[in-house]
Amino acid sequence: MPFRAVHYDGFEFSFGRFFAYPGRVEYVESATLRKLFLPGVTQEAKELVRNNPYFVRGQLRHYGVSYDESELTGDGIDVFKAMLEEGELDVVPEDIQILRNQLSTLWYDQLTLEELGDSYPERLIRKCFLNVFGEPDPAKITDVLTVPLLPGSTYRVGKLIDAVHQVDGLHCERREDSLYIGWDPAAVGDAVQGLVEGGEWEKQKEKADMEDEIMTKHSKYALMARLTNDPATWSPVGSYAVTCGVIQDNSRGECGERIHMTLNIHEPDEYGYFWANLDFGVVEGVMILGSHQSDLDEYCAAVERAEMAIDADDVETQRELDEAPQRKKTTSDLSNSNTLFFRWRGMETAEGDLLTNDESGIITFQDPEFTTFTGEMDISIVGDDVIFFARKVSGVAESRHASWLDYTEHTQMEQHRW
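The rules behind these values
- Residues numbered from 1 in each chain as written.
- Predicted model: local features only at pLDDT ≥ 70, side-chain atom pairs only at ≥ 80, totals over all residues.
- Heavy atoms only, no water.
- Helix = DSSP H or I, 4+ residues; strand = E, 2+ residues; numbered from the N terminus.
- Buried < 20%, exposed > 50% of the residue type's maximum accessible area, 1.4 Å probe, protein only.
- Contact = heavy atoms within 4.5 Å.
- Pairing = 2+ DSSP bridges.
- Polar contact = N/O pair within 3.5 Å; in protein donor to acceptor, adjacent residues only side chain to side chain.
- Axes fitted to C-alpha atoms, helices over the stretch in contact; angles between N-to-C directions.
- Core = buried A, V, L, I, M, F, W, Y, C linked by side-chain atoms within 4.5 Å.
- Salt bridge = Lys/Arg side-chain N within 4 Å of Asp/Glu carboxyl O.
- Phe/Tyr/Trp six-rings, centres within 6.5 Å; stacked < 30°, edge-to-face > 60°.
- Lys NZ or Arg CZ within 6 Å of the ring centre and 35° of its normal.

## Quick look at the side chain of histidine 62
Locating histidine 62 in the fold gives a position in helix H3 (residues 55-62). Histidine 62 gets classed as buried once you look at its relative accessible area, which sits at 1%. Excluding residues that lie within four positions of it along the chain, histidine 62 makes contacts with Phe11, Phe18, Phe19, Ala20, Val25, Glu26, Tyr27, Val92, Pro93 and Ile96.

What follows is the structure, given as structure tokens:
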């Protein structure tokens, strides 16, 4: 169980508790404060103030109440009582409620599925199966989720099962040291039975562990992006963890492991187009992304001619070809578009064979901070209209910026020659 508290702007969240600084004062509900301090100050209230001289200031901070430090003479109880009577501590302001929710998300995301299921079952259900309004969300996790169970925790397993049954349409089944949760009861049963018959326990656990790792990294990044609340810093640029059932459920890595899929989008070039490197396990390659498909096709063709001219040291041809990309420089501000078209080329990784033709696709971001998107693309060795989902885990692209010519027969021959 992690013990690292999450701090931001003078507040802290840890182990389900919310504190204000200075003094690390825990939040107390308004109704409880009124019982403690009105009409008279109870002995319990006096002990709270005696044990933490910042108690009054901390509660005022929790409720967003402004005050003049000179007003809080002594322990501040008299002024505090007056504020309670005037209703200044009846409601926590919305911005502080939002901050508490954000910090709690960041703290809980440190926990594995096993730890969430054991100690915070309601939180696990909210994280994996409910939307931001606390309503059932079957689109959030479509597969059967495997939650590892700690040995000997019968009572806590019961609490997790109860939490599942509180959500309409959600089903679960226990098998040995795991609980299987999903929206389709037949799929849950089939998953358990298939694991038993095929000896697939380790593969299922590997899948759950990978999903847990991705969700944790993504949630941390997404929360920090929202806490900055600065649209100027939001951009498609960054490193993304990709999931694609068509690929990951039907292919394995060289050592039999589940395939890790990544996409890294780089800063736009001087003409405003984004470049990206993709590694989808079975294929790798380079993308060029733009908000207008007709412009993108022309730009990709011009880029190839220009890169070939550079490679041939043809200065005159390069000068002529420069004019085509430059005309596209002001076609659009891509950072303001939630939909990007792309062209991509690459190679099949098992044998290193180049894909025959350039292929196309589209991605659509699902939030203004550019932290998640759904994509659709043609992959000749997999199929047409392959759907994939990406979650940003870093605002910095991890791989090098590839060239459009990296995946051509000429370049491959040159590399093999050297």
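## Topic: the pairing of strand S7 (residues 178-182)
For S7, a buried count of five out of five residues is recorded, marking the element as mostly surrounded by other parts of the structure. Residue alternation in S7 divides its side chains into two sets, Ser178, Tyr180 and Gly182 and Leu179 and Ile181, and both sets are buried. Looking at chain direction, strand S5 (residues 145-148) and S7 are connected through four bridges and run antiparallel. Counted as the bridge partner of threonine 146 is tyrosine 180 from S7. Pairing of strand S6 (residues 171-175) with S7 involves five bridges; the strand directions are antiparallel. If you follow glutamate 173 over to S7, its bridge partner there is tyrosine 180.

## What about the side chain of asparagine 277?
For asparagine 277, the location among the structural elements is in strand S10 (residues 274-279). One polar contact links asparagine 277 to histidine 266, side chain to side chain, over a distance of 2.7 Å. Setting aside residues up to four positions removed in sequence, asparagine 277 forms contacts with Thr262, Leu263, Asn264, His266, Gly285, Ser399, Arg400, His401 and Ala402.

## Considering the sheet that holds strand S3 (residues 17-20)
Strands sit in the order S1-S2-S3-S4 across an open sheet of four strands; the sheet is antiparallel. The sheet terminates laterally at strand S1 (6-8) and strand S4 (25-26), the two strands that pair on one side only. Here helix H5 (residues 94-108) sits on the sheet in contact with S1, strand S2 (11-14) and S3, set at roughly 40 degrees to S2.

## Focus: H3
Most of H3 sits inside the fold, with seven of its eight residues counted as buried. When H3 is considered as a whole, its buried residues turn out to be Phe55, Val56, Arg57, Gly58, Gln59, Leu60 and His62. With its phi angle positive at about 65 degrees, glycine 64 sits one or two positions after the end of H3.

## Comments concerning the pairing of strand S15 (residues 383-394)
Bridging between strand S8 (residues 238-243) and S15 involves five bridges; their strand directions are antiparallel. Counted as the bridge partner of alanine 241 is arginine 391 from S15. Two elements, strand S14 (residues 372-379) and S15, share seven bridges in a ladder whose sense is antiparallel. Its bridge partner lying in S15, glycine 375 is registered against phenylalanine 388.

## Considering the nonpolar core
In this structure, Leu33, Phe37, Leu89, Ile125 and Phe129 are the most contacted members of the largest nonpolar core, which totals 56 residues. Counting residues per element, this core draws most heavily on H5, at six residues. Excluding anything up to four places from it in sequence, leucine 89 contacts Ser30, Leu33, Gln59, Leu60, Tyr63, Val65, Phe80, Met83 and Leu84. Within the second largest apolar cluster, 32 residues are counted, among which are Ile265, Leu289, Leu340 and Leu355.

## Topic: the pattern of salt bridges
This model, assessed by the stated rule, comprises seven salt bridges. For arginine 24, the salt bridge identified is with glutamate 12, shortest N-O distance 2.8 Å. Here the residue arginine 24 occupies a position in the loop between S3 and S4, and glutamate 12 occupies one in strand S2, the gap between them amounting to twelve residues. The exposure class of arginine 24 is partly exposed, given its relative accessible area of 38%. The salt bridge partner of aspartate 297 is arginine 343, with a shortest N-O separation of 3.9 Å. Here arginine 343 lies in strand S12 (residues 339-348) and aspartate 297 lies in helix H12 (residues 293-311), a separation of 46 residues in the sequence. A relative accessible area of 23% places arginine 343 in the partly exposed class.

## Here we look at the environment of serine 104
Looking at the element boundaries, serine 104 is found in helix H5. Taking relative accessible area as the criterion, serine 104 reaches 6% and is therefore assigned buried. Taking the C-alpha atoms as reference points, serine 104 and arginine 17, 87 residues apart in sequence, are found 8.6 Å from one another. Those residues in contact with serine 104 that sit more than four places away from it in its chain are Phe13 and Arg123.

## Re the sheet that holds S6
With antiparallel pairing, three strands are arranged side by side in an open sheet as S5-S7-S6. Either end of the sheet is taken by a strand with one partner, and the two such strands are S5 and S6. The sheet shows a mean angle of 25 degrees between the axes of neighbouring strands, direction not considered. Packed on one face of the sheet, helix H8 (residues 154-165) meets S5, S6 and S7 and runs near 155 degrees to S6.

## Topic: the packing of aromatic side chains
With the rule as written, the count across this model stands at 20 aromatic pairs. When the centroid spacing of 5.2 Å and the interplanar angle of 80 degrees are considered together, the rings of tryptophan 107 and tyrosine 108 count as edge-to-face. What makes tyrosine 108 buried here is its relative accessible area of 10%. With a centroid separation of 5.2 Å and an interplanar angle of 70 degrees, the aromatic rings of phenylalanine 365 and phenylalanine 373 are classed as edge-to-face. Neither residue differs from the other here; phenylalanine 365 and phenylalanine 373 are each classed as buried. Cation over ring: arginine 24 sits above phenylalanine 19, and NZ or CZ is 3.9 Å from the ring centre.

Function cannot be inferred from these measures alone, as they are strictly geometric.
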